[in-house]
Amino acid sequence: MWSRPPLVCCLLWLLVCPVGTGLGQEPDAEASEQLPPPNLVVFLADDMGLGDTSAYQDWTGNPASKQVHTPAMETLARRGIRFTDAHSPHSRCTTSRYALLTGRYCWRTRLKHWVLFGVQGDPLIERERVTLPEFLQRAGYLTGMVGKWHLGLTYRRQDGAPADGWNDADLTQPLFDGPLDHGFDFFYGVSRSHGTSGPDGARDARNQPDQQVGPGWISGRHVVGATGRGKQLDGSYRLDEVGTVLDAQAFLFLQQAVESEKPFFLYFASPANHTPYTPSREIAGRPIRGASRYVDGSPTNSRRADFIYQNDVHLQRLMDYLATTPDPRRPDHPLLENTLLVFASDNGADRPDKTCTGPLRSNKASLYEGGHRVPLIAMWPAGKIGDNNPHTSGATSEALVGLNDLFATMAEVLGRPLPPLSGADRGAEDSVSFLAALQGRPTPRRVPLFPNDHKEASRQLSERRAWVAVRSNATPIPGQWKLLLDHRYAYQGELHAQELYELSRDLQETNNLVHDPAAAPALDFLLQAARQAAGDQGHSRP
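Once a new chain begins, its residue numbering starts again from 1 and follows that chain's sequence as written. In keeping with the model being predicted, local features are shown solely for residues with a pLDDT of at least 70 and side-chain atom pairs are shown and tallied solely at 80 or more, while totals for entire chains, interfaces and linings include all residues. As a convention, hydrogens and water are excluded, and side-chain values are obtained from all of the structure's heavy atoms.

Colleague: Can you break down the pairing of strand β5 (residues 186-190) residue by residue, with the values?
Modeller: Along any regular strand the residues' side chains alternate between the sheet's two faces. Type-normalised accessible area, obtained with a 1.4 Å probe on protein chains alone, sets the label of each residue: buried when under 20%, exposed when over 50%, and partly exposed for intermediate values. Per the convention used, a helix needs a DSSP run of H or I reaching at least four residues, while a strand needs a run of E reaching at least two, with both numbered from the N terminus. Extensive coverage of β5 is indicated by the burial of 5 of its 5 residues. Residue alternation in β5 divides its side chains into two sets, Phe186, Tyr188 and Val190 and Phe187 and Gly189, and both sets are buried. Sheet analysis places strand β4 (residues 142-148) next to β5, joined by 5 bridges and oriented parallel. Directly across from Gly147, in β5, lies its bridge partner Gly189. Whether two strands pair depends on DSSP finding at least two bridges between them. Bridging between β5 and strand β6 (residues 218-219) involves 2 bridges; their strand directions are antiparallel. Bridge assignment links Gly189 to a residue of β6, and that residue is Ile218.

This is the structure we're talking about:
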């Protein structure tokens with residue numbers, strides 16, 4: 001089904017596949033035009049493995065009778081490029097979201113593994129750190145986020161002072177620290193996973209003045225459902241309406257962005273398909289609950305599959321809007337043409353079922369590949385990322401990339417330097433541009449990736465789970481090498497090699513070569529890379 005043809009010049013799509021309302025102009029004029037900065041849309045699914053999208057069916061080998069059909073993701077892959085060796089920076093959600101927005105591994109912070117717990121969670125991103133949205137704000141972008149934050153909040157007391165925690169928080173007061181303090185002009189979403197962000201409607205027995213679940217919907221700095229009766233909410237936060245609400249808010253932001261005539265960044269951090277599986281009945285008239293199908297056309301009869309399909313509907317609606325809305329900075333062109341659209345997941349599948357993980361070992365929360373190798377699909381027609389033709393097979397890249405690389409990639413797109421590695425405006429310590437790989441151009445092999453968090457390291461939650469992997473395709477010995485270091489690397493910067501695998505021959509990570517003399521050159525290379533990148537104040541970007 002899929003092959004890896006060379007990327008076609010972005011101009012060709014105007015000839016073979018006009019988009020939406022037929023907006024466009026002659027190729028010669030297009031070629032001579034100086035493009036303004038592109039829009040950026042990052043759609044981040046939750047707990048979605050490579051086997052959870054039919055865009056990777058040929059890679060995972062799932063049968064049509066078991067493969068969830070995700071037609072929008074397929075269309076994006078055909079129009080653009082998909083990656084088969086893309087990674088979330090960590091195998092859990094908080095840590096990966098931190099790294100995506102900061103370009104820095106979360107094991108350099110106080111949160112060495114796992115996620116932020118509790119109804120509040122102190123903010124994980126320092127005020128003085130430059131995030132990706134702040135970087136884009138400084139470049140003139142309007143920035144918006146809808147969905148799951150899960151990077152910590154600080155509330156206010158009744159007198160307006162910062163609250164110590166949830167117990168002394170007054171929900172009628174604006175937040176003291178939240179997404180708007182880290183680069184977003186617009187935010188509508190939830191504090192953490194949707195099931196733990198607030199009581200489910202007014203009838204939820206937990207929705208009392210002393211509830212310890214969460215604030216429900218947050219708009220900007222304000223708790224939407226605050227009643228003034230302690231922590232009791234107005235019941236407007238409903239789990240089965242999360243998708244409907246976020247979809248509407250995403251388009252509200254997009255409309256505001258178009259009216260502003262600024263380039264925009266939309267970060268759509270979908271709660272789907274994290275448990276509990278609560279698909280909406282419908283979104284903008286499109287049925288969701290009970291509507292998911294396998295590739296062979298049979299119904300899945302699965303709430304989890306419906307939740308995955310909900311993401312596909314979100315994605316299709318975004319592509320339709322971008323394809324049919326004129327670009328205010330280029331009125332004869334649709335927004336889609338000059339928008340870098342990226343789809344990915346925050347970690348691997350929440351289930352170890354092979355239909356979810358494909359040929360990978362383990363799943364979410366593991367340092368084995370199933371925990372952090374994720375779908376990553378992108379397109380940007382004007383930027384020569386994909387051919388924008390849904391009838392081609394699309395491009396496939398085997399380049400090694402991480403979600404933390406989006407920061408440096410956008411910096412290269414804009415021709416702006418990355419933040420410094422130290423000081424008040426520091427940032428992007430572990431971000432490396434993969435623009436060349438996106439465009440299908442030859443690119444040097446990436447410096448090692450350092451994903452983190454390993455549930456197999458202990459049966460109970462403990463610091464031993466903070467293992468870090470060193471993953472590289474550039475060792476002296478050809479191959480796709482991966483070294484696993486135990487928790488002492490994240491905590492003390494100490495190098496204690498535990499496992500070593502060559503993934504091109506052992507994708508299931510069953511043959512530990514850490515004591516194999518023939519693998520010593522690769523081991524030495526990876527240990528040296530880890531030594532150079534170690535420490536909370538360290539960095540891995542060249």
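So that's the structure; there's more coming.
Colleague: Describe the pattern of salt bridges, naming the residues involved and giving the relevant values.
Modeller: When a carboxyl oxygen of Asp or Glu lies within 4 Å of a side-chain nitrogen of Lys or Arg, that pair is called a salt bridge. Across all of its chains, the model carries 35 salt bridges by this definition. A salt bridge links Arg221 to Asp181; its shortest N-O distance comes to 2.9 Å. Placement of the pair is Arg221 in the loop between β6 and β7 (222-223) and Asp181 in the loop between β4 and β5, with a sequence separation of 40 residues. Taking the relative accessible area as the measure of exposure, Arg221 reaches 28% and is therefore partly exposed. Taken together, the shared-partner salt bridges in this structure form one network comprising Asp85, Glu369, Arg373, Arg471, Lys482 and Glu509.

Colleague: Go over the sheet that holds strand β18 (residues 481-485), please, and point to the residues and values.
Modeller: The 3 strands are arranged β17-β18-β19 in an open sheet whose pairing can be described as antiparallel. In this open sheet, the two edge strands, each paired with only one partner strand, are β17 (468-472) and β19 (497-502). Each neighbouring strand pair of the sheet contributes to a mean axis angle of 15°, computed without reference to strand direction. Direction of pairing for β17 relative to β18: antiparallel, over a ladder of 5 bridges. Note that in β18 the partner of Ala469 across the bridge is Leu484. Sitting on the sheet, helix α14 (residues 520-533) touches β17, β18 and β19, and the angle it makes with β18 is about 55°. Lines are fitted to the C-alpha atoms to define the axes, a helix being fitted only along its stretch in contact, and any angle between axes, read from their N-to-C directions, falls within 0 to 180 degrees. Contacts: residue pairs with any heavy atoms within 4.5 Å of one another.

Colleague: Break down the state of the cysteines for me, citing the residues and quoting the values.
Modeller: Working definition: a disulfide is two cysteine sulfur atoms within 2.5 Å of each other. One pass over the full model with this rule turns up 0 disulfides. With no disulfide of its own, Cys93 lies closest to Cys106 among cysteine sulfurs, the gap being 10 Å. For Cys106, a relative accessible area of 0% puts it in the buried group.

Colleague: Before we move on, can you summarise empty space enclosed by the protein with the specific residues and values?
Modeller: Cavity means a closed set of points on a 1 Å grid over the protein atoms alone, one where a 1.4 Å probe fits but cannot get out, pocket means an open set with protein on both sides within 12 Å along at least 5 of 7 lines, and lining means a residue has an atom within 4 Å of a point. Grid points are joined across faces, edges and corners, and a volume is the space filled by probe spheres set on the points. Per the stated rule, a full pass over the model turns up 1 cavity of 30 Å³ or more. Of the pockets and cavities examined, the largest cavity occupies roughly 50 Å³. For the largest cavity, the full set of lining residues is Leu116, Phe117, Gly118, Val119, Gln120, His150, Leu151, Gly152, Ser191 and Arg192. Charged means Asp, Glu, Lys or Arg here, nonpolar means Ala, Val, Leu, Ile, Met, Phe, Trp, Tyr, Cys or Pro, and polar covers whatever is left, Gly included. Looking at the lining of the largest cavity residue by residue, the class counts come to 4 nonpolar, 5 polar and 1 charged.

Colleague: Summarise the packing of aromatic side chains; cite the residues concerned and give the values.
Modeller: A pair of aromatic rings is counted whenever rings of Phe, Tyr or Trp (Trp by its six-membered ring) have centres within 6.5 Å, and the orientation is called stacked for planes under 30 degrees apart, edge-to-face for over 60 and tilted otherwise. The tally for this structure, following the rule as stated, stands at 18 aromatic pairs. Where Trp217 meets Tyr237, the ring centres are 5.2 Å apart and the plane angle is 80°; that geometry is what we call edge-to-face. Here Trp217, found in the loop between β5 and β6, pairs with Tyr237, found in the loop between β7 and α7 (242-260); they are 20 residues apart in sequence, far enough to count as distant. When its relative accessible area of 3% is taken as the criterion, Tyr237 is described as buried. Connected via pairs of aromatic rings, a cluster forms that spans Tyr105, Trp107, Phe450 and Tyr489. Note on geometry: a ring has a charge over it if NZ (lysine) or CZ (arginine) is within 6 Å of the ring centre and within 35 degrees of the ring normal. The ring of Tyr368 is capped by Arg361, whose NZ or CZ atom sits 3.7 Å from the centre of that ring.

Colleague: A description of the packing of helix α4 (residues 71-79) against helix α8 (residues 303-324) should follow, citing residues and the corresponding values.
Modeller: Orientation of α4 relative to α8, taken along the N-to-C sense of each, is 50°, at an axis distance of 7 Å. In terms of orientation, α4 and α8 fall into the oblique class. Contacts between α4 and α8 involve Pro71, Ala72, Met73, Thr75 and Leu76 from the first element and Ile308, Asn311, Asp312, Leu315, Gln316 and Met319 from the second. Residues that form the contact of α4 with α8 fall into these classes: 7 nonpolar, 3 polar and 1 charged. Note that the term roughly parallel is reserved for angles under 35 degrees, roughly antiparallel for angles over 145, roughly perpendicular for angles of 65 to 115, and oblique for everything else.

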